[in-house]
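# Residue-level structural notes
Residue-level listing of the chains:
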Amino acid sequence: MRLLLLACLRAQTGNATTAGRIQDHLEAVGHICSLKDAFGYENPSEIANLISAEKFEAALAIHLYKGGRLLQGSRIPFGIIFGGTDINEDIKHEEKHRVMGAVLEEARFAVAFTEKMKELAAAEWPDARSKIYIQTQGIMTTPSATFNWKRFLQNAEWHRREPHIHLVIIGPAVDPQFTSEVNEKANRAPGVHLLQEIPQDDLHAAVKRCFAVVNSSISEGMSAAILEAMDLDVPVLARNIPGNAAIIRHKDTGLLFTDPQEFVQLSKSLMNDPSLERKIVTKAKAYVKKHHSWECEREAYQNLVLKLQ
Ligand SMILES: *[C@@H]1O[C@H](CO)[C@@H](O)[C@H](O)[C@H]1NC(C)=O
C-alpha cells in the first residue's frame, strides 16, 4: 500500500521518533510510507490534494487533533494514533473536541499507548471504544560506539562540592522563552550543562555512560527517554507524577521523588547502595523487554494497517 503518515515532525521530539519507528515497521513489510509534517498543511482540502497527487491509498495520523483533523472527510481509509496531549489537553477545548470526535468516528481504528489513554478517549466517545487498540511504544536503543563526551563537555565547569557530579540536559530548544529561562539558570549553576539535540545513537551512548537519568517533569506524557534509559541499563530518578509512576515502580524499576530534598536523598542512596542499583537496573530492563517490546509494536502496526485495505 501507498501510505501517508501525518505527524508533527519537529526534529528530535517524541512524535517524530514514534513516526519514524512506525514508518520503519510498515516499510519492512513492503508498504511505501511517506512521512508528512502536519504543520505544513492548513486544512483537509490541502491534504486531499496531496492524497490525489501522490496516489496514497490509506493514511495514518499521530495526534487526534493536530494530525487527525487534516484527515476529516478523507476519501481514503485511515487510522489514528493518539498523541497524548490530544486526549489530555485538546479535549477541554470545545471546537477541538468536536473535530476530534468526528475524526475518530471516521477512523477505522485508533491506537492508545496506555490503558488509561484508551479509557479517557472511550469515556468521551463511547461508540469508538471497540476500535481503540492499546499498543505501548516499542523501545530499541542503539548506542553509537564512537560517542565521545569530551566533544560536548570541553568547557565544563567542575561542580564545586562534588566535582565528579554533573547534570547534563540534552534536547532541542522548542520554546524560546522557556529556553532562555533554563539557560539563565543553568549558567548560574556550576555542573549543570545544556546541550543541543544530538543524533539518537549518540544520545543513547551518552545515556549509557551516565550514572542515572533524571526526569523532573511536572507535565504529563509518556517518557520514551525513561524507557530508553531502562533498556540501556541506566537507573532512572523521576518525579512522582502519574505519567512517570505509570512506568516506574518505586525502588523496584526506578526511583520516584516528590521534591528536591527527596531527590538528593534518593540519589545518595542509589550511589551508596550498589545492590539497589543492580536490582533496579535488572527489573527495569525486564519491564521494558516485556511491556515495550519493539518487535510486538512492529507486528501490531503491520496487522493494523491491514484494516485500511
Ligand atoms: C519526562 O516525563 C514526562 C512525563 O512522563 C514526559 O512527558 C517527558 O517527555 C519526559 N522527559 C524526559 C526527557 O524524559
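Residues numbered from 1 in each chain as written. Predicted model: local features only at pLDDT ≥ 70, side-chain atom pairs only at ≥ 80, totals over all residues. Heavy atoms only, no water.

## Re the pattern of salt bridges
To keep things clear, this is the line we draw: Salt bridge, as used here, is a side-chain nitrogen of Lys or Arg placed within 4 Å of a carboxyl oxygen of Asp or Glu. Each helix corresponds to a stretch of at least 4 residues labelled H or I by DSSP, and each strand to a stretch of at least 2 residues labelled E; elements are numbered beginning at the N terminus. A simple rule labels every residue: compare its accessible area, found with a 1.4 Å probe on the protein chains alone, to the largest value its type can have, and call it buried under 20%, exposed over 50%, or partly exposed in between.
Across all of its chains, the model carries 13 salt bridges by this definition. Arg 298 is paired through a salt bridge with Asp 24; the nearest N and O atoms lie 2.9 Å apart. Here Arg 298 is found in helix α13 (residues 294-304), whereas its partner Asp 24 is found in helix α1 (residues 14-27), with 274 residues between them in sequence. When its relative accessible area of 18% is taken as the criterion, Arg 298 is described as buried. What emerges from the salt-bridge pattern is a single network uniting Lys 208, Asp 233 and Lys 285.

## Section: the site of the ligand
Stated precisely, the cut-off is as follows: For each residue, the test is whether any non-hydrogen atom lies within 4 Å of the molecule or strand; if one does, the residue is near. Under this definition, polar contacts are N or O atom pairs within 3.5 Å; protein pairs additionally need one hydrogen-donor-capable and one acceptor-capable atom, and for neighbouring residues in sequence, both atoms have to be side-chain atoms. Only the protein chains shown count as covering a residue, and every accessible area follows the Shrake-Rupley method with a 1.4 Å probe. Charged residues are taken to be Asp, Glu, Lys and Arg, nonpolar residues to be Ala, Val, Leu, Ile, Met, Phe, Trp, Tyr, Cys and Pro, and polar residues to be all remaining types, Gly included.
What surrounds the ligand is the set Asn 215, Ser 217, Ser 219, Glu 220, Gly 221, Ser 223, Ala 225, Ile 241, Gly 243 and Asn 244. Between Asn 215 and the ligand, the recorded distance is 2.5 Å, taken from a side-chain N or O atom to an oxygen atom. At 2.8 Å from an oxygen atom of the ligand is found a side-chain nitrogen or oxygen belonging to Ser 223. If the ligand stood free it would expose 360 Å²; the protein chains cover 68% of that surface. When its residues are assigned to classes, the shell around the ligand shows two nonpolar, seven polar and one charged.

## Focus: the pairing of strand β10 (residues 236-239)
Looking along a regular strand, one sees side chains alternate from face to face of the sheet. Inclusion rule: The pairing criterion for strands is at least two bridges between them, as found by DSSP. Consider the strands pointing away from the viewer: the crossover is right-handed when the path from the first strand over the helix to the second runs clockwise.
Direction of pairing for strand β9 (residues 213-215) relative to β10: parallel, over a ladder of three bridges. Note that in β10 the partner of Val 214 across the bridge is Leu 237. After leaving β9, the chain enters helix α9 (residues 224-231) and then returns to the sheet as β10, a path that is right-handed. Pairing of β10 with strand β11 (residues 255-257) involves three bridges; the strand directions are parallel. Bridge pairing links Leu 237 to Leu 255 in β11.

## Some words on the sheet that holds strand β3 (residues 58-62)
Stated precisely, the cut-off is as follows: As a rule, the C-alpha atoms of each element are fitted with a line to give its axis, helices using only the stretch in contact, and angles between N-to-C directions run from 0 to 180 degrees.
The six strands lie next to each other as β2-β1-β3-β4-β5-β6, forming an open sheet whose pairing is parallel. The two strands at the open ends of the sheet, each matched to only one other strand, are β2 (32-37) and β6 (132-134). When strand polarity is set aside, the average angle formed by the axes of neighbouring strands in this sheet is 20 degrees. By the bridge criterion, four bridges tie strand β1 (residues 2-7) to β3 in an arrangement that is parallel. Within β3, the position partnered with Leu 5 by the bridge is Leu 60.

## Some points on the domain arrangement of the protein
Put simply, the rule is: Domain start and stop positions are those given by an automatic or database domain assignment. Residue contacts follow a heavy-atom distance rule, with two residues in contact if any of their heavy atoms lie within 4.5 Å. Buried surface area refers to the total accessible area, computed with a probe of radius 1.4 Å, that the two partners give up upon joining, counted for both partners together.
When cut into domains, the protein gives domain 1 (2-138 + 293-308) and domain 2 (150-291). The straight-line distance from the C-alpha centre of domain 1 to that of domain 2 is 30 Å. Taken together, the contacts link 10 residues of domain 1 with 10 residues of domain 2. Taken together, the two surfaces of domain 1 and domain 2 that pack against each other cover about 850 Å², and 57% of this comes from carbon and sulfur. Remark: the boundary between domain 1 and domain 2 carries zero salt bridges. At the junction of domain 1 and domain 2, the tally comes to one residue pair in polar contact (both at pLDDT 80 or more). Its residues assigned to classes, the side of domain 1 that touches domain 2 shows two nonpolar, six polar and two charged.

## Examining the nonpolar core
As a reminder of what qualifies: Residue types Ala, Val, Leu, Ile, Met, Phe, Trp, Tyr and Cys, when buried and joined through side-chain atoms within 4.5 Å, form a set referred to as a nonpolar core.
Membership of the largest hydrophobic core comes to 51 residues, with the highest contact counts inside it found for Ile 47, Leu 64, Ile 80, Phe 82 and Trp 125. Sequence-distant contacts of Trp 125, that is, excluding residues within four places in its chain, are made with Leu 64, Ile 87, Ile 91, His 97, Met 100, Gly 101 and Leu 104. Of all hydrophobic cores here, the second largest spans 17 residues; its members include Ile 139, Met 230, Leu 256 and Val 288.

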